[in-house]
Amino acid sequence: MRVPIGGDLSLEDGSTDIAICVNDGVADMIAPLSNNDQNAGYAFIITNEDNIILSTFSEPSIDFENFEEGYYRIWGVAFLEELTAAMGDNVLECNLGIGLL
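What you see is a predicted model; the values in this text were computed from it and never measured.

On to the environment of T47, then. Mapped onto the elements of the fold, T47 is located in strand β4 (residues 41-48). Its relative accessible area of 0% is what places T47 among the buried residues. Separated by 43 residues in sequence, T47 and N90 have C-alpha atoms that sit 8.3 Å apart. One polar contact links T47 to W75, side chain to side chain, over a distance of 3.0 Å.

Rendered as structure tokens:
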């Protein structure tokens, strides 16, 4: 059985954290990079500091400009069939997807 590998996330410069100023009228594009399994489905999950899912995206970047001030985490998830994580779920307590190990 094939097992998807989510990989490690970082920013283009190799760092794993960033400070931005939201709601200032300037786009705050974040483009996480992953050394993931290229043959699996892949998505990013954004949570607050309590690990509650706020959003998912599969695009190469996301604009944090309209997010509220606070601390956020971006998780990378590789899956074989379907991402089932939903807004409001706790990322550490829910079933994130089908074909996800």
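What follows deals with the pairing of β4. Side-chain positions along a regular strand alternate between the two faces of the sheet. Within β4, six of the eight residues are buried, which leaves the element mostly enclosed by the surrounding structure. Note that β4 and strand β7 (residues 72-79) share eight bridges and pair antiparallel. Following the sheet pairing, F44 is matched in β7 by G76. Bridge count between β4 and strand β5 (residues 53-57): four bridges; the pairing is antiparallel. Within the sheet, the bridge partner assigned to I45 lies in β5 and is T56. Connecting the antiparallel pair β4 and β5 is a turn made up of four residues, with N51 showing a positive phi of about 70 degrees.

What follows covers the sheet that holds β7. Across the sheet, which stays open at both edges, the three strands sit in the order β5-β4-β7 with antiparallel pairing between neighbours. Lying at the two open borders of the sheet, with one neighbouring strand each, are β5 and β7. Across the sheet, the mean angle from the axis of one strand to that of its neighbour is 25 degrees, orientation sign disregarded.

For the rest of this paragraph, the subject is the side chain of D28. For D28, the location among the structural elements is in the loop between β1 (9-10) and β2 (29-30). For the buried residue D28, which engages in no salt bridge, the nearest side chain bearing the opposite charge is R73, 19 Å off. Apart from the residues lying within four places of it in its own chain, the contact partners of D28 are I20, C21, V22, I62, D63, F64 and E65.

Once that is clear, we can look at the packing of aromatic side chains. If you walk through the whole model with that rule in mind, you get five aromatic pairs. Where F64 meets Y72, the ring centres are 6.0 Å apart and the plane angle is 55 degrees; that geometry is what we call tilted. The rings of Y42, F44 and F57 are connected pair by pair, giving a single aromatic cluster.

Per-residue confidence for the chain gives a mean pLDDT of 85, with 85% of residues at or over 70. Element-level pLDDT for the chain is lowest in strand β9 (residues 97-98), with a mean of 65, against a maximum mean of 93 in strand β6 (residues 62-63).

Core analysis: the biggest nonpolar cluster contains 11 residues, these being L11, I30, A40, Y42, F44, I46, F57, I62, F64, F67 and A78. Take this core: its biggest share by element is three residues, from β4. Once residues lying within four places of it in the same chain are set aside, the contact partners of F44 are L9, P32, S55, T56, F57, E59, I74, W75 and G76. A43, I53, V77 and V91 belong to the second-largest nonpolar core, a separate cluster that totals eight residues.

Conventions we followed
- Residues numbered from 1 in each chain as written.
- Predicted model: local features only at pLDDT ≥ 70, side-chain atom pairs only at ≥ 80, totals over all residues.
- Heavy atoms only, no water.
- Helix = DSSP H or I, 4+ residues; strand = E, 2+ residues; numbered from the N terminus.
- Buried < 20%, exposed > 50% of the residue type's maximum accessible area, 1.4 Å probe, protein only.
- Polar contact = N/O pair within 3.5 Å; in protein donor to acceptor, adjacent residues only side chain to side chain.
- Pairing = 2+ DSSP bridges.
- Axes fitted to C-alpha atoms, helices over the stretch in contact; angles between N-to-C directions.
- Lys, Arg positive; Asp, Glu negative; His and termini not counted.
- Salt bridge = Lys/Arg side-chain N within 4 Å of Asp/Glu carboxyl O.
- Contact = heavy atoms within 4.5 Å.
- Phe/Tyr/Trp six-rings, centres within 6.5 Å; stacked < 30°, edge-to-face > 60°.
- pLDDT = per-residue confidence, 0-100.
- Core = buried A, V, L, I, M, F, W, Y, C linked by side-chain atoms within 4.5 Å.

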